[in-house]
Amino acid sequence: MPKSSKKKKEKAADFSKAKLKLGKGKQLPSNVVDTSFKARSIALPTQSIAMEKDAALPTTRRKQSFDDLVSLMKHYNANTRKDAILSFRELFELHPDIVESSMTILLGACVRLIGDEDAGVRKTLLSFLSWLLPLVSKEDLIPHVPLLILFTTSAQTHIFPEIRIDAVRFLDLFLELVPESLVDGWIQGNPGHGKRVLEGYLGILSAGTKYGDTEGEVKATSTASVVLSSQSKLVVMKSLSTFLTHAVSRQLRPSNHATSNLDPAAVPLPTCAYERLFRSESVDCQSQLDVEHSRDDFICMPDFATGPLTPAWSLNDLSSSSLAQTESLAHLNSNTCSLIHLARALYSTLLTSYLDCAPVVFSPSANPPEAEVNLLTVTARIMRTLYGTILQDRSSLSLAEEEILCDEISTLLGYMTGYFPFRPARREIKVEHAFQDLNVIYCELTALLVIVLGDISRKARFPTSRSYASISHVKHEGKLALQAGLVRTYVTRLLLGEDNSGAQISKPLIPTMYIALLPTIWALLNQSKESHTRNQGETLTDTVLSAMLDHAIRTTSNSAVKALTVEFVTRILLLETETDYCGHFDVRNTREQEKFQEWILHLPRTLWEIGPHNLAASETVIRSLLRLLQRGSIMIKHEEIFGLQTRLTPFFMITHPVRGRLPGPFTKIPPSSSLIRRLAVDLVVTILSVSTRSEGEEKENLMIAVGGAVSGTLEEDYWQQLVRATGLS
């Protein structure tokens, strides 16, 4: 067979000469030997056999020390960095005594991973810090806060949106642990990191200005045009709501140190609704039943009789006080201006969030997704925090500014009115709680708008502002009447125990919700007579008042709401004893005086049922009766005095038809609570002092019961001293 062409070419290749090409080097022979080599070195500084290791050095189960883990935090591999974070937790769990001494180096290594590009590393670091930082005392953590905030706010402006969202999650952790350090300086001109944190929030939402530029148009702070998903936007809005809550409660009320770190909604019985009902701006609206002012409740306090009740004031003291008040007012005015600017910057974002979520959340066919429900709730909370704070402290606002703010609130409420009261399509606990919060916030904002527009209508009586105020009043009158009517119906049904969701069995009010409803209840009670006439409902106030009193009487003594109802009704009755009070509500002109008297007479039974089981509630009841008697409330007449004598006797001594005299709940109050025991004795002496001689038998029975209850106790001498001092013996 002939040879193939392939073999012919191979034979020819052996004798062919390769042609050299320009720029190409000379080809090496095929049998050349490559003599080049490469060398690599491995550095093992901590694994030398010549080094003696400290056996007492704390290590993990894999024999890794603290220094080893710190070096691994800078490793190029993401899994190695994540393992190093997990190993830190293992090391501190095995050796908790080294946590405090390692904080500086540890946090210096951890903060660089807040903006790590690997999501797993960021998630692991957040979990680790959530476990570690609560173990460290607040005093030891505060020095490291500036470093934590510096890297976190830097991550807030990262180019990748997921890193910005995770930075907000780190801020949530810091707000939980050291809120005052994060919010300090959120207003222009104040030292602190709050301004930078707030700018980061606004930048992520693309909703703000360079914060502090209170003049001019609102300009976006972020160049990123990334549209956030509902879940991501919820994370940012929820964190912003927490930040604003802490910032407002700290900056606008700097003198109240006791509640600076608390949610304002959790502080019992807010008195902000009363502040503008007094002629003097300097009236102190703190709790009338404050324990710190307990000396006012006692009839005889011999320990304090030898010295002056108040120190003498010098001219320097008065000058310093006046200067401090001036600086405080200027500070509050600056805060209000900053809040107004922030509200205007966030207005479009809040409105957009509501309009995006409302059709999905309020769908009648099925319950909405959890993210949209929570986003809508957080949006409403931010609205309440901003506009509620501004309008409650509006003494520095001009009429034009009040009008603009009322327009914004009215617009937001207008979009919500079509769905109010908010009801879920199906009964689910989480959704019901969210809708309940929305209902309460809607009621609060509507009540606030009623109060503000009522003030604006009163300003219309002055010639300088009559035209502007009258235009504002007419503009909102019809819509506000509808909204106030819806809120009145909702609150009345809620107090009467009629569930607005349509369920057959209604749920009792919880303390937080009752507290949140109090400003709304007061706004409905304090509506002007002109509003009643226009709405053709002269009994509208009496309807709300009747429902409120029915709820206060019907609430069981062991309920957590009972003490709150007692204090709120007492506040309302005490208003008519304040000489500077100038509100519309007047207890003397109501049609529910008999129900007020019924409520007063049910308090001794409440006191007997509570007894020593809830000392705080017992003290509230005793103080309420004592204050009403001392201030001469018009609701306590001869019949009420006689009824209180009869009903208070079993609290000290019970007369059983078979077993005879038995000690009452008073004797079970522990001796350590001597304040409550003395208050109860003072209450009895006050009642006996104002009673008439015709009540001799009941008066004598009460004195015998009290004398037997205090016999052999520390209060026996106090009782005898009061009896002699008041001439009851």
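Residues numbered from 1 in each chain as written. Predicted model: local features only at pLDDT ≥ 70, side-chain atom pairs only at ≥ 80, totals over all residues. Heavy atoms only, no water.

Of the regular secondary structure elements, the protein chain holds 26 helices and 2 strands. For the protein chain, the proportion of its 729 residues judged to be buried stands at 47%. For the protein chain, the proportion of contacts with a sequence separation of at least 24, taken over those separated by at least 6, is 72%. Approximately 38600 Å² of the protein chain is accessible, and the part contributed by carbon and sulfur atoms is 54%. (Helix = DSSP H or I, 4+ residues; strand = E, 2+ residues; numbered from the N terminus. Buried < 20%, exposed > 50% of the residue type's maximum accessible area, 1.4 Å probe, protein only. Contact = heavy atoms within 4.5 Å. Areas by Shrake-Rupley, 256 points an atom, 1.4 Å probe, with all protein chains shown as cover.)

Before going further, it helps to examine the packing of helix α7 (residues 145-156) against helix α8 (residues 161-177). Direction vectors running N to C along α7 and α8 enclose 150°, while the axes themselves pass 7 Å from each other. Compared by their axis directions, α7 and α8 come out roughly antiparallel. In terms of crossing hand, the pair formed by α7 and α8 is left-handed. Listed contacts from α8 to Leu-148, Thr-152, Ala-155 and Gln-156 of α7 are Ile-163, Arg-164, Ala-167, Val-168, Phe-170, Leu-171 and Phe-174. For the contact of α7 with α8, a count of residues per class yields 8 nonpolar, 2 polar and 1 charged. (Axes fitted to C-alpha atoms, helices over the stretch in contact; angles between N-to-C directions. Parallel < 35°, antiparallel > 145°, perpendicular 65-115°, else oblique. Left-handed = near helix turned anticlockwise from the far one by under 90°. Nonpolar A, V, L, I, M, F, W, Y, C, P; charged D, E, K, R; others polar.)

Positionally, Glu-93 belongs in helix α3 (residues 78-94). On the accessibility criterion, Glu-93 (47% relative accessible area) is partly exposed. For the pair Glu-93 and Leu-132, spaced 39 residues apart in sequence, the C-alpha separation works out to 10.0 Å.

The next point concerns the side chain of Gln-483. Within the secondary structure layout, Gln-483 lies in helix α16 (residues 466-495). Once you skip the residues sitting within four places of it in the chain, Gln-483 turns out to touch Leu-413, Gly-414, Thr-417, Tyr-442, Thr-446 and Leu-449.

A few words now on the pattern of salt bridges. In this structure the tally under the stated criterion is 17 salt bridges. The shortest N-O distance in the salt bridge between Arg-623 and Glu-619 comes to 2.9 Å. One end of the pair is Arg-623 and the other is Glu-619, both in helix α22 (residues 615-630) and 4 residues apart, which spans about a single turn. The structure contains a network of salt bridges with shared partners spanning Arg-122, Asp-166 and Arg-169. (Salt bridge = Lys/Arg side-chain N within 4 Å of Asp/Glu carboxyl O.)

Enumeration over the complete set of coordinates arrives at 17 aromatic pairs. Between Phe-420 and Phe-422 the ring centres are 5.7 Å apart and the planes differ by 80°, which places this aromatic pair in the edge-to-face class. For the pair Phe-420 and Phe-422, one class covers both residues: buried. Both rings, one in Trp-522 and one in Phe-585, keep their centres 5.8 Å apart while their planes meet at 70°; by these two values the pair is edge-to-face. Placement of the pair is Trp-522 in helix α17 (residues 511-525) and Phe-585 in the loop between α20 (562-575) and α21 (593-610), with a sequence separation of 63 residues. Clustering of aromatic rings is evident, with ring pairs tying together Phe-362, Tyr-419, Phe-420, Phe-422, Phe-435, Tyr-442 and Tyr-490. Over the aromatic face of Phe-666 sits the side chain of Arg-677, whose NZ or CZ is 4.7 Å from the ring centroid. Here the guanidinium or amino end of Arg-678 rests over the ring plane of Tyr-718, the centre of that ring lying 4.5 Å away. (Phe/Tyr/Trp six-rings, centres within 6.5 Å; stacked < 30°, edge-to-face > 60°. Lys NZ or Arg CZ within 6 Å of the ring centre and 35° of its normal.)

A rise of 1.5 Å per residue sets the reference length of helix α10 (residues 194-205), with its 12 residues, at 16 Å; its end C-alpha atoms lie 17 Å apart and thus fit the reference within 8%. α10 sits mainly inside the fold: 10 of its 12 residues count as buried. Buried within α10 we find Gly-194, Val-197, Leu-198, Glu-199, Gly-200, Tyr-201, Leu-202, Gly-203, Ile-204 and Leu-205. Looking at the residues trailing α10, positive phi occurs at Ser-206, about 50°. (Expected span 1.5 Å × (residues − 1).)

Attention now moves to the pairing of strand β2 (residues 660-663). In the sheet, strand β1 (residues 653-656) pairs with β2 via 4 bridges, with the strands oriented antiparallel. Within β2, the position partnered with Ile-654 by the bridge is Leu-662. Where β1 folds back on β2, the antiparallel hairpin that results is connected by 3 residues. (Pairing = 2+ DSSP bridges.)

This paragraph deals with unusual backbone geometry. Of the consecutive residues Phe-420 and Pro-421, the connecting peptide bond is found in the cis state with omega at -5°. Even without a glycine there, the phi angle at Lys-63 is positive, about 60°. Relative to the helices and strands, Lys-63 is located in the loop between α1 (5-14) and α2 (66-72).

Moving on to the environment of Arg-571. In this structure, Arg-571 sits in helix α20. Between the C-alpha atoms of Arg-571 and Leu-628, which are 57 residues apart in sequence, the distance is 9.6 Å.

Moving on to the nonpolar core. Formed by 190 residues in total, the largest nonpolar core has its most connected members in Phe-243, Ile-521, Met-548, Trp-599, Phe-652 and Trp-719. In terms of residue count, helix α15 (residues 429-459) provides more of this core than any other element does, 15 residues in total. Those residues in contact with Ile-521 that sit more than four places away from it in its chain are Val-491, Leu-495, Val-544, Met-548 and Phe-568. (Core = buried A, V, L, I, M, F, W, Y, C linked by side-chain atoms within 4.5 Å.)

Our focus in this paragraph is the environment of Phe-652. Positionally, Phe-652 belongs in helix α23 (residues 638-652). When the C-alpha positions of Phe-652 and Val-710 are compared, they lie 8.7 Å apart, and in sequence the two are 58 residues distant. Among all residues touching Phe-652, those that are not within four sequence positions of it are Pro-663, Gly-664, Phe-666, Thr-667, Ala-680, Val-684, Leu-702, Ala-705, Val-706 and Ala-709.

The next subject is the packing of helix α5 (residues 119-132) against α8. Across the interface, α5 lies against α8 with an axial gap of 10 Å and an inter-helix angle of 5°. Classified by the interaxial angle, the pair formed by α5 and α8 is roughly parallel. For the pair α5 and α8, contact is made by Arg-122, Leu-125, Leu-126, Leu-129 and Ser-130 and by Glu-162, Ile-163, Asp-166, Arg-169, Phe-170 and Leu-173, respectively.

Helix length check: α17, at 15 residues, gives a terminal C-alpha distance of 20 Å against a target of 21 Å (1.5 Å per residue), a fit within 8%. At Leu-518, α17 is bent by approximately 35°, the largest bend along its length, and proline Pro-519 sits one to four residues beyond. For α17, the tally of buried residues reaches 13 of 15 residues, placing the bulk of the element in the interior. (Bend = angle between axes of the 7 residues up to and from the residue.)

What follows is about the confidence of the model for the protein chain. Looking at the protein chain as a whole, the pLDDT averages 78, with 76% of positions reaching at least 70. Per-residue pLDDT stays below 50 along residues 209-214; that stretch engages in 20 contacts with residues further than four places along the chain or on separate chains. Within the model, pLDDT remains below 50 along residues 465-470, and this stretch shows 14 contacts once partners closer than five positions in the same chain are excluded. (pLDDT = per-residue confidence, 0-100.)

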